[in-house]
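# Structural overview
Given next are the chains, with one letter for each unit.
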Amino acid sequence: MSDLITLTEMPLAAAWNVQGDASRADFTDQVARQFSIALPIVPNTTARSDALTAFWLGPRSWLLMAHNPDSPLTDYIDKRDELNRAGGALFDVSASRVVYRIAGEHATSVLASGCPLDLHPRSFRAGDCAQSVFGRVNALLYKSDDAPTFIIMVARSFGQDVSQALRQTAAQYEHRADWTAHRRHADC
């Protein structure tokens, strides 16, 4: 029997916040040189490379998330200094978030139980991202494919609350959960 929903806590190799003016070529060129990815400039969209996903967070803010530990999110000081010279800023936010993956037939229903966004495929397509809430917790949601598979990122301090809410909602469906396999830090 196949799972109707799969819940997984995912490892976060690295996450860096990039800030700057996307209309300045020196800034966007420097980001492309440093990270081999173009920043998405359309609201609530993403750009993806083999190593990174860039999330649009606002008109002057993006989140770069590494897919694996061998990512281009290394040499933080050098990259920060280069972006500063190009009028931007760089912040390491790797330890601040916990990441969950929700996939399967009822993934949209599980997320919709605590999130006010319209997650219907016509409104929230693969590759879209949005900042919202899940329950009462600020969250960044990303739809990675049409299966559907969603990634939800929340502040580490609220991770247990969100995982508990996701598990409770998913309990009404046949599901498989793996919340402990990828813990980076002890519960704090």
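Residues numbered from 1 in each chain as written. Predicted model: local features only at pLDDT ≥ 70, side-chain atom pairs only at ≥ 80, totals over all residues. Heavy atoms only, no water.

## A word on the overall build of the protein
Let me state the cut-off plainly: Runs of E in the DSSP output that reach at least two residues are strands. Runs of H or I that reach at least four are helices, and both are numbered from the N terminus. The globule rule used here is 2.2 Å times the number of residues to the 0.38 power, and the radius of gyration it is set against is calculated over C-alpha atoms. Buried means the residue's accessible area, taken with a 1.4 Å probe over protein chains only, is under 20% of the maximum for its type, while exposed means over 50%, and partly exposed covers the values in between. In what follows, residue pairs with any heavy atoms lying within 4.5 Å of each other are defined as contacts. With residues, only the protein chains shown are counted as cover, and all accessible areas are computed by Shrake-Rupley using a 1.4 Å probe. Charged residues are defined narrowly, with Lys and Arg counted positive, Asp and Glu counted negative, and His plus the chain ends left uncounted. A charge is said to be at NZ when it belongs to Lys, at CZ for Arg, at CG for Asp and at CD for Glu.
When its secondary structure is counted, the protein shows four helices and eleven strands. Relative to the 2.2 N^0.38 estimate, which gives 16 Å for 188 residues, the radius of gyration of the protein is 17 Å and therefore close to what a compact globule would have. Its C-alpha atoms give the protein principal-axis dimensions of about 55 × 40 × 30 Å. The buried share of the protein, taken over its 188 residues, is 47%. Looking at the protein alone, contacts between residues at least 24 apart form 61% of all its contacts between residues at least 6 apart. Here the protein displays about 9300 Å² of accessible surface, and carbon together with sulfur accounts for 49% of that area. Counting 18 positive and 21 negative side-chain charges, the protein places the averaged centre of each group 4 Å from the other.

## Digging into the pattern of salt bridges
Here is the rule: Salt bridges are identified by distance alone: a Lys or Arg side-chain nitrogen within 4 Å of an Asp or Glu carboxyl oxygen.
A full pass over the atoms with the stated rule returns three salt bridges. D26 is paired through a salt bridge with R24; the nearest N and O atoms lie 2.6 Å apart. With relative accessibility at 35%, the residue D26 sits in the partly exposed group. Here R80 ties to D81 by a salt bridge, and the two come within 3.0 Å at their closest N and O atoms. Its relative accessible area of 25% is what places D81 among the partly exposed residues.

## With respect to the pairing of strand β9 (residues 137–145)
The line we're drawing: Only when DSSP finds a minimum of two bridges between them are two strands counted as paired.
The pairing of strand β8 (residues 129–134) with β9 spans six bridges and is antiparallel. Bridge assignment links C129 to a residue of β9, and that residue is Y142. Here β8 hands over to β9 after two residues, with G135 in that stretch at a positive phi of 65°. Alignment of β9 against strand β10 (residues 149–155), held across six bridges, turns out to be antiparallel. In the sheet register, A139 faces β10, and the bridge partner there is V154.

## Details of the sheet that holds strand β3 (residues 46–48)
Inclusion rule: Here an axis means a line fitted to C-alpha atoms, over the contact stretch when the element is a helix, while the angle between two N-to-C directions is reported on a 0 to 180 degree scale.
The sheet built from five strands is open, its strands ordered β3-β4-β5-β2-β6 with antiparallel pairing. Two strands in the sheet have a free side with no partner beyond their single neighbour: β3 and β6 (89–92). Direction aside, the axes of adjacent strands within the sheet are offset by 20° on average. Inspection of the sheet shows strand β4 (residues 52–58) paired to strand β5 (residues 61–66) by six bridges, in the antiparallel sense. The residue of β5 that forms the bridge with W56 is W62. Seen against the sheet, helix α1 (residues 25–35) touches β2 (15–19), β4, β5 and β6 and runs at an angle of roughly 160° to β2. Against the sheet, helix α2 (residues 76–85) touches β2 and β6, its axis set at about 155° to β6.

## Description of the confidence of the model for the protein
Short version of the rule: Known as pLDDT, the predictor's per-residue confidence is scaled from 0 to 100.
With 91% of its residues at a pLDDT of 70 or more, the protein has an overall mean of 89. Of the regions scoring below 50 in pLDDT, residues 180–188 engages in twelve contacts with residues more than four places distant in sequence or in other chains.

## Re the environment of K79
Its location among the elements puts K79 in helix α2. Ignoring sequence-local partners within four residues, the contact set of K79 consists of W16, Q34, F35, P72, T74 and L90.

## Thoughts on the packing of α1 against α2
Quick note on the threshold: These descriptions rest on fixed angle ranges, namely under 35 degrees for roughly parallel, over 145 for roughly antiparallel, 65 to 115 for roughly perpendicular, and the rest for oblique. Whether a crossing is left-handed or right-handed is set by the direction in which the near helix is turned from the far one by less than a right angle, anticlockwise for left-handed and clockwise for right-handed. Asp, Glu, Lys and Arg are counted as charged, while Ala, Val, Leu, Ile, Met, Phe, Trp, Tyr, Cys and Pro are counted as nonpolar; the rest, among them Gly, fall into the polar class.
Between α1 and α2, whose axes approach to 9 Å, the crossing angle comes to 165°. Judged by the angle between their axes, α1 and α2 are roughly antiparallel. At the point where α1 passes α2, the crossing takes the right-handed sense. Residues F27, Q30, V31, Q34 and F35 of α1 form the contact with α2, whose participating residues are K79, E82 and L83. The residue makeup of the contact of α1 with α2, split by class, is four nonpolar, two polar and two charged.

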